[in-house]
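Residue-level structural notes
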Amino acid sequence: MASHSHGSETRQTLDLAGTRCTVFSLPACGPRAARLPYSLRILLENLLRRQDGRSVTRDHVEAVLDWKPGSTPEREIPFMPARVILQDFTGVPVVADLAAMRDAMAAMGGDPTKINPLAPMDLVIDHSVQVDAYASPDAFRRNVALEYERNRERYAFLRWGQKAFRDFRVVPPGTGIVHQVNLEYLAPVVVRRTVGGETLAMPDSVLGTDSHTTMINGAGVLGWGVGGIEAEAAMLGQPTVMLIPQVVGVRLTGKLRPGATATDAVLTVTEMLRKKGVVGKFVEFCGPGLAGLPLADRATIANMAPEYGATMGFFPVDDETLAYLRLSGRDEAHVRFVEAYLRAQGLFRTPDAPEPEFSDVLTLDLGDVEPSLAGPKRPQDRIALSKAKQAWRAALAEYTKDGDAGRRVPIEMGGERGELTHGSVVIAAITSCTNTSNPSVMLGAGVLARNAVRRGLRVKPWVKTSLAPGSKVVTRYLEGAGLLGDLARLGFELVGYGCTTCIGNSGPLPEPVATAIEQGDLAVAAVLSGNRNFEGRVNPLTRANYLASPPLVVAYALAGTMDIDLEREPLGTGSDGKPVYLRDVWPSGEDLCKAMASVTAERFREEYAHVFEGDAQWQSMPAPAGDRYEWNDASTYIKRPPFFDAMSREPGKPADIVGARVLALLGDSITTDHISPAGSIKKDSPAGRYLIGLGVDPKDFNSYGARRGNHEVMVRGTFANIRLRNQLVPGVEGGVTVHVPSGERMSIYDAAMLYQQEGTPLLVIAGKEYGTGSSRDWAAKGTLLLGVRAVIAESYERIHRSNLVGMGVLPLQFLPGESAASLGLTGTEQYAIEGIADGLVPGKCLTVRATADGGRTTTFTVVARADTPDDVAYYRHGGLLPYVLRGLLG
């Protein structure tokens, strides 16, 4: 049986903690399954359960059982998650696409109600709150009021979707961050479903429209971020086709020493794995160090898998996972069921279990982890705290061209006078999913604040301080430990429950601060407990952005500058006139242990008892009804997406690309932030001018993320990042390009529209790691709507490559060792891409001819990064959505 395992041969009925269940047995597959990494065993179960001889075959099962750790991934399998999870920035366009699909289905004579989630779908509204009010007892109330005022139309649309679509739940605003709500409440770890009158048990698995969906890997749940279009496909019954990955083992030994936090551990892991190179791979943690690593710390490390480049950072379920399920208020009978199922399946890790086979193994002694930051513009650029001052000064040399590192600008706020200079900290934010899920670092920040208050330290009024917990449970346990007031005394008042500063929702800086920065052309800093610090993301005025643990965020707020050695120089002067050092206020193990006693299961149960109900504003909000959405032409937030316009029942035949021009010639590490900004909308940008033309006041612009339901805003925001460097306009930052035929400089959007009028197809050429960062489907959708037919890059981040194919944009890759620079390309040539028309296959080599004005032609080969047969099918259909719709039409 072991060599010919398939669904019927592994189907068993078991009694699991008093529940009679059907399972698809991994032990029945024999020793080949037992040697696999735990993460691949879950993929194997997914195939066994879904094997039907058509979409999932015995060959798929055998491919996983025959997995060879050191081999290059070549075999593909179809993966179908147990559920899908969305946040509101990505969720609104997903629901808009589904609504438009219903319209298109009706227009073609089909049944629009066929467009419905086939996998359960949860959406957590967490990305829309902005830090407008701060350092005030009523900051939370004011920010929530503004959030509803700005987003009422979007929220009403989501409430319509909740009623119109089956298996779609919405967690209202003001509840928490999607990944933390997933970890603390939504994720069952093991799923029970009634199918055909029997109870089916399976491992929990999830695809999410946010790259940090990987946080749930800390609880042993298989899950990662995908673009909205992949999530829609999963909802509509289409599998995610993936290469069986290599699995890199990270063997943990030892335990964190006093003074080192989970944040320091994840920054160390991120640096280590980025250097190793794990893009497209699973990372799975193993070793004796797991025993002393709380689940919250595991979740912190798993959260940042996108930053270290892996598809996942997986921690198998063990006794610590069960302890966390109990701590977070899960039902005891369910916890026993989880344990029984996973033990029966060989999915429960025990200290004496044999270590699985891995493609490679790295070792990290947690005792070697030291206090750290990362920055000033990439999460993998870890800096030891002891070297932070010299690292800042090295960074400053890049920011100041004239060498004037000592420039100072006077400032007065709150009746206090001072000065800003290069390195001044103007934002200190306890924010984002990575750390606000972790009681040890959140309580650590509270203890440090208490100690600082007792010593008479305070934060300067020009530092914008904020506390944005990932769930209401956090404020409950901070309050229970008596620490919420101390944080507030230092300006860290509650500003909202959601993803704020980390995604660019830091809100505006106070006018005196903004004026001083602009007047002095100062390179000032933000310090945040987030996972993303890419250029232009946190705030347009903070050139340097550093990731740090919540306690260090408080410490830097007190210091007020990056130009300080926190291990040797004082944070400030205490009320007794004596210097106070970081070591004087750092939480002791005893203090932290006492504070941790306030984290109780009862607090979790109370806060999640009514999680879907929302506040009075949510409950009283009117929402449309009906199976199809009634689009409002006057809306500036929600417009019917154009992706099904003029769609035919049958796809056309893909053609070669001829006469193409380059819209942007870009360098390495172009992020989805560069491609599709999520922050503020500038009034002099194409998107700003569009909104003003519709009568929208700049104060009501909201953010790009909040307007993702309006393609007219988003296409104008594509490549509009203020820090984008397009080599067609050297020395210029921002969304600017050259319309090559005329030589005229203009915005990328305006150039794209001019090219469209001329009937000219467009290309983007880029360097390494194109599309790193968040899993933004609009980075691909906007690219398509600008008229870009193909992207040529040296390498791609996984999600963005997939999203491009999913929108019908062809990702092409230079051959190893070749680049735009090595080929002498200037971006002003006219391009032809040959080999598409005679049939695209995965990984096909295509010929590119770049002809300069003088007639000189450079010919080179690229690889089509349509990696799977499904990718090729999506491209042939003009994208994944038309492909799915045509399939449902039959």
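Bear in mind that the values here come from a model prediction, so they are computed numbers and not experimental data. (Residues numbered from 1 in each chain as written. Predicted model: local features only at pLDDT ≥ 70, side-chain atom pairs only at ≥ 80, totals over all residues. Heavy atoms only, no water.)

With respect to the overall build of the protein chain
Selection rule: Starting at the N terminus, helices and strands are each numbered in turn, a helix being any DSSP run of H or I of at least four residues and a strand any DSSP run of E of at least two. C-alpha atoms define the radius of gyration, and 2.2 Å times the number of residues to the power 0.38 defines the globule rule. Relative accessibility thresholds used throughout: buried, under 20% of the residue-type maximum; exposed, over 50%; partly exposed, between the two (1.4 Å probe, protein chains only). Contact criterion: two residues are considered in contact whenever any of their non-hydrogen atoms come within 4.5 Å of each other. Using a 1.4 Å probe, accessible areas were evaluated by the Shrake-Rupley method; residue-level cover was limited to the displayed protein chains.
For the protein chain, the helix and strand inventory stands at 32 helices and 34 strands. Its C-alpha atoms give the protein chain a radius of gyration of 27 Å, within 12% of the compact-globule value 29 Å for 890 residues. Its C-alpha atoms put the protein chain at 80 × 75 × 55 Å along the principal axes. By residue count, 63% of the 890 residues in the protein chain fall in the buried class. For the protein chain, contacts bridging at least 24 residues in sequence account for 76% of all contacts bridging at least 6. Carbon and sulfur atoms provide 49% of the accessible area of the protein chain, an area that totals close to 30300 Å².

Examining the packing of aromatic side chains
The test is simple: Classification of ring pairs uses Phe, Tyr and Trp, with its six-membered ring standing for Trp, and accepts pairs whose centres are within 6.5 Å; under 30 degrees between planes counts as stacked, over 60 as edge-to-face, and the remaining range as tilted. Remark: a charge is flagged as sitting over a ring if the NZ atom of Lys or the CZ atom of Arg is within 6 Å of the ring centre and within 35 degrees of the ring normal.
If you walk through the whole model with that rule in mind, you get 19 aromatic pairs. Taking the centre distance of 6.1 Å and the plane angle of 50° together, the rings of Phe643 and Trp778 count as tilted. Of the two residues, Phe643 is situated in the loop between α24 (616–620) and β26 (657–665) and Trp778 in helix α29 (residues 777–785); the sequence distance between them amounts to 135 residues. By relative accessible area, Phe643 is classed as buried at 12%. Here Arg41 stacks its cationic end above the ring of Tyr38, 4.1 Å away from the centre of that ring.

Looking at the sheet that holds strand β6 (residues 168–171)
The following threshold applies: DSSP-based pairing: two strands are paired if at least 2 bridges between them are found. All axes here are fitted lines through C-alpha atoms, helices being fitted over the stretch that makes contact, and every angle between N-to-C directions spans 0 to 180 degrees.
Spatial strand order, β6-β5-β4-β9-β10: five strands in an open sheet with parallel pairing. Here the strands that pair on one side only, and so sit at the sheet edges, are β6 and β10 (222–225). Strand-to-strand twist across the sheet, computed as the mean angle between neighbouring axes with direction ignored, equals 20°. Where strand β9 (residues 205–208) meets β10, four bridges bridge the pair, whose relative direction is parallel. The partner of Ser205 across the bridge, within β10, is Leu222. Lying over the sheet, helix α6 (residues 139–164) contacts β5 (121–124) and β6, oriented at roughly 145° with respect to β6.

Describing the nonpolar core
In summary, soluble globular proteins display a tendency toward joint burial of nonpolar side chains. This is how it is decided: What makes a nonpolar core is a set of buried Ala, Val, Leu, Ile, Met, Phe, Trp, Tyr and Cys residues whose side-chain atoms join them at distances within 4.5 Å.
In terms of nonpolar packing, the biggest core is built from 273 residues, with Leu44, Phe285, Tyr308, Phe492, Leu566 and Tyr770 touching the most fellow members. Setting aside residues up to four positions removed in sequence, Leu566 forms contacts with Leu385, Leu552, Ala555, Tyr556, Ala559, Leu571 and Leu582. Counting residues in hydrophobic clusters, the runner-up holds 28 residues, among them Ala820, Leu825, Ile836 and Leu840.

A closer look at the side chain of Arg776
To be explicit about the condition: In protein, a polar contact requires one atom able to donate a hydrogen and another able to accept it; more generally it is a pair of N or O atoms within 3.5 Å, and residues adjacent in sequence count only if both atoms are side-chain atoms.
Mapped onto the elements, Arg776 comes out in the loop between β29 (762–765) and α29. Taking relative accessible area as the criterion, Arg776 reaches 4% and is therefore assigned buried. From its side chain, Arg776 meets the backbone oxygen of Ser676 in a polar contact 2.5 Å long. Arg776 has contacts with Arg537, Thr672, Asp673, Ser676, Pro677, Ala678, Arg708 and Asn803, leaving out every residue within four places of it along the chain.

A look at the sheet that holds strand β32 (residues 830–834)
Taken in spatial order, the seven strands of this closed barrel run β26-β29-β30-β31-β34-β33-β32, and their pairing is mixed. Neighbour-to-neighbour, the strand axes of this sheet turn through a mean angle of 35°, independent of strand direction. Sheet analysis places strand β33 (residues 845–851) next to strand β34 (residues 857–864), joined by seven bridges and oriented antiparallel. Within β34, the position partnered with Val848 by the bridge is Phe860.

A closer look at helix α9 (residues 262–276)
Threshold: In this analysis, the expected span of each helix is defined as 1.5 Å times one less than the number of residues it contains.
Here α9 contains 15 residues, and its C-alpha end-to-end distance of 21 Å stays within 8% of the 21 Å for a straight helix at 1.5 Å per residue. In terms of burial, α9 is a largely internal element, 13 of the 15 residues being buried. Following α9 by one or two positions, Gly277 adopts a phi angle in the positive range, close to 90°.

As for the packing of helix α3 (residues 38–50) against helix α4 (residues 58–65)
Any two packed helices are characterised by the angle at which their axes cross and by the distance between the axes. Formally: Any angle between 65 and 115 degrees counts as roughly perpendicular, while under 35 counts as roughly parallel, over 145 as roughly antiparallel, and the rest as oblique. Two helices crossing with the near one rotated counterclockwise from the far one by less than a right angle form a left-handed crossing, whereas a clockwise rotation gives a right-handed crossing. When residues are grouped by polarity, Ala, Val, Leu, Ile, Met, Phe, Trp, Tyr, Cys and Pro land in nonpolar, Asp, Glu, Lys and Arg in charged, and all others, Gly among them, in polar.
Running from N to C, α3 and α4 cross one another at 165°; their axes reach a closest spacing of 9 Å. Considered as vectors, α3 and α4 are oriented roughly antiparallel to each other. Viewed along their axes, α3 and α4 form a crossing whose handedness is left-handed. Counted together, Leu40, Leu44, Leu47 and Leu48 of α3 and His60, Val61, Val64 and Leu65 of α4 form the full contact between these two elements. Across the contact of α3 with α4, the residue classes tally to seven nonpolar, one polar and no charged.

Quick notes on the pattern of salt bridges
Rules: Each salt bridge in this description consists of a side-chain nitrogen of Lys or Arg and a carboxyl oxygen of Asp or Glu lying within 4 Å of one another.
Applying the stated rule across the entire model yields 58 salt bridges. The shortest N-O distance in the salt bridge between Arg83 and Asp204 comes to 2.9 Å. With Arg83 in strand β4 (residues 83–87) and Asp204 in the loop between β8 (198–203) and β9, the pair connects residues that are 121 residues apart, well separated along the chain. Per residue, the accessibility class of Arg83 equals that of Asp204, and both read buried.

Digging into the side chain of Glu284
The test is simple: As used throughout, the charge tally considers Lys and Arg to be positive and Asp and Glu to be negative, leaving His and the chain termini uncounted.
Along the polypeptide, Glu284 turns up in strand β13 (residues 282–286). Here Glu284 occupies a buried position and makes no salt bridge, while the nearest side chain of opposite charge, Arg41, is found at 6.5 Å. Side-chain polar atoms of Glu284 contact the backbone nitrogen of Tyr38, separated by 2.9 Å. Reaching out from Glu284, the side chain makes a polar contact with the side chain of Ser39 at a distance of 2.8 Å. Among residues more than four places away in sequence, those in contact with Glu284 are Pro37, Tyr38, Ser39, Val247, Val248, Gly249, Val250, Phe314, Pro316, Pro356 and Phe358.

Considering the confidence of the model for the protein chain
Keep this limit in mind: The quantity called pLDDT is the predictor's confidence in a given residue, expressed from 0 to 100.
Taken residue by residue, the protein chain gives an average pLDDT of 94. The fraction at 70 or more is 99%. For residues 1–5, every residue scores under 50 in pLDDT, and the model assigns this stretch 20 contacts once sequence neighbours within four places are set aside.

Re unusual backbone geometry
Look at the link from Gly375 to Pro376: it is a cis peptide, with omega at 10°. Among the secondary structure elements, Pro376 is positioned in the loop between β16 (372–374) and β17 (382–384). The phi dihedral of Val189 is positive, around 70°, even though this residue is not glycine. In this structure, Val189 sits in the loop between α7 (178–186) and β7 (190–195). In this structure Val189 comes out as buried when scored by relative accessible area, which is 3%. For Ser669, which is not a glycine, the phi torsion comes out positive at approximately 55°. Its location among the elements puts Ser669 in the loop between β26 and α25 (672–675).

Comments concerning the environment of Val554
Turning to its location among the elements, Val554 is positioned in helix α20 (residues 550–559). Each C-alpha atom, one on Val554 and one on Ile430, is 8.2 Å from the other, the two residues being 124 residues apart in sequence. If near-sequence neighbours (up to four positions away) are discounted, Val554 is found in contact with Ile430, Ala445, Leu448, Ala449, Leu487, Leu490 and Phe492.

Digging into the pairing of strand β23 (residues 542–547)
Looking along a regular strand, one sees the side chains alternate between the two faces of the sheet. Counting buried positions over the six residues of β23 gives five, a clear majority of the element. Two strands pair when backbone bridges link them, and strand β22 (residues 524–528) and β23 are joined in this way by five bridges, in the parallel orientation. Within β23, the residue paired with Ala525 across the bridge is Ala544.

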